[in-house]
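# Topology and contacts: notes
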Amino acid sequence: ADPDRLARYAVAATPIEEIMKLRIASRPASRTQALSFQDLRAISWVFSWNQSRHGLPGWFGLGTALEAVIAAEGLERARFLHRDWPFFRALVDNARLALTQADLEVAEHYARLAPPEARGLFDLIRAEHERTVKGVLAVTGDRALMSPWPALAFSAERRNPYIDVVSHVQMELLSRLRRAEGAEKDRVREVLFLAINGIAAGLQSVG
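The paragraphs below set out a description of the structure included in this document. (Residues numbered from 1 in each chain as written. Predicted model: local features only at pLDDT ≥ 70, side-chain atom pairs only at ≥ 80, totals over all residues. Heavy atoms only, no water.)

## Re the nonpolar core
One finds Tyr9, Trp59, Leu66, Leu104 and Val136 to be the most contacted residues of the largest nonpolar core, which totals 31 residues. Contributing elements (two or more residues each) for this core: α1 (5-13), α3 (42-51), α4 (56-59), α5 (62-73), α6 (75-84), α7 (86-101), α8 (104-111) and α9 (116-140). Beyond its immediate sequence surroundings of up to four residues, leucine 66 is in contact with Phe88, Val92, Gly135, Val136 and Val139. (Core = buried A, V, L, I, M, F, W, Y, C linked by side-chain atoms within 4.5 Å. Buried < 20%, exposed > 50% of the residue type's maximum accessible area, 1.4 Å probe, protein only. Helix = DSSP H or I, 4+ residues; strand = E, 2+ residues; numbered from the N terminus. Contact = heavy atoms within 4.5 Å.)

Laid out in structure tokens, this is it:
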């Protein structure tokens, strides 16, 4: 097992290193200079996954957990828990919002920023995303993730094409930043910060 594999993927496929330079908290984004999983701070970690349209902290692992609940207790019991247990309902419904903010088609392009040996992690992410969407729809009985909140669904549908454009701009800027040197690096970084702000404003969230 490699506990830092996900951290290395995040460095390659998200803007986490630049987000760590933003003044968004009173404490450093990492407890050490090395980007190991256990040393990362929550704010920069969650923010970077949201920026790269993965949204992992909001939903990853829930699909596997729901599969286990349904296998052990049955679908009707799982639906009862969602209906009558506030904690379980909040867990599932918060994941619905995170899944709506995520966009795996865009995230796949971010994954291409990672070296070939790291890109395989995206296949695991995509598989868990599919499990999570399937599990959420199963336990809620809804036809779509945002069925209970049509206004939010409409808002996401309208805004996402514009955010997608900024996301692709951000990917190009990340690629250029990693090749740039000196004053050029500083110029690209300043524009990248604008893209970070634009995506956060469009999603109305840093994570």
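That covers the picture; the talk isn't over yet.
## Some points on unusual backbone geometry
The backbone of arginine 53 sits at a positive phi, close to 65 degrees, despite the residue not being glycine. Counting through the fold element by element, arginine 53 comes out in the loop between α3 and α4. Residue arginine 53 is classed as buried on the basis of its relative accessible area, which comes to 1%.

## Examining the pattern of salt bridges
All told, the structure shown has 12 salt bridges when counted by the stated rule. Put simply, aspartate 93 and arginine 96 hold a salt bridge, and the shortest N to O gap is 3.2 Å. Here the residue aspartate 93 and the residue arginine 96 both occupy positions in helix α7, the gap between them amounting to three residues, near one helical turn. For aspartate 93, a relative accessible area of 15% corresponds to the buried category. Accessibility expressed as a relative area gives 2% for arginine 96, which makes it buried. The closest approach of N and O atoms between arginine 126 and glutamate 108, which form a salt bridge, is 2.7 Å. (Salt bridge = Lys/Arg side-chain N within 4 Å of Asp/Glu carboxyl O.)

## Describing a nonpolar patch on the surface
A cluster of nonpolar side chains, namely Trp85, Phe87 and Leu91, defines an oily patch on the protein surface of about 320 Å² accessible area. According to the relative accessible area criterion, leucine 91 is partly exposed, its value standing at 39%. (Patch = residues over 30% accessible without salt bridge, like charges linked within 9 Å, V, L, I, M, F, W, Y side chains within 5 Å. Areas by Shrake-Rupley, 256 points an atom, 1.4 Å probe, with all protein chains shown as cover.)

## Remarks on α3
Structurally, the α-helix is built with 3.6 residues per turn, so residues lying three or four positions apart point the same way. Most of α3 is tucked away, with seven of its 10 residues classed as buried. For α3, the set of buried residues is Ser44, Trp45, Phe47, Ser48, Trp49, Asn50 and Gln51. At the C-terminal side of α3, arginine 53 shows a positive phi close to 65 degrees.

## Brief notes about the packing of α6 against α7
Packed helices, taken two at a time, are described by their axes: the angle between them and the distance between them. Close contact between α6 and α7 brings their axes to 6 Å; oriented N to C, the two are set at 90 degrees. Comparing the axis directions of α6 and α7 gives the class roughly perpendicular. Where α6 approaches α7, its residues Ala78, Leu81, His82, Arg83 and Asp84 are matched on the opposing element by Pro86, Phe88, Arg89, Val92, Asp93 and Arg96. The residue inventory of the contact of α6 with α7, partitioned by class, reads five nonpolar, one polar and five charged. (Axes fitted to C-alpha atoms, helices over the stretch in contact; angles between N-to-C directions. Parallel < 35°, antiparallel > 145°, perpendicular 65-115°, else oblique. Nonpolar A, V, L, I, M, F, W, Y, C, P; charged D, E, K, R; others polar.)

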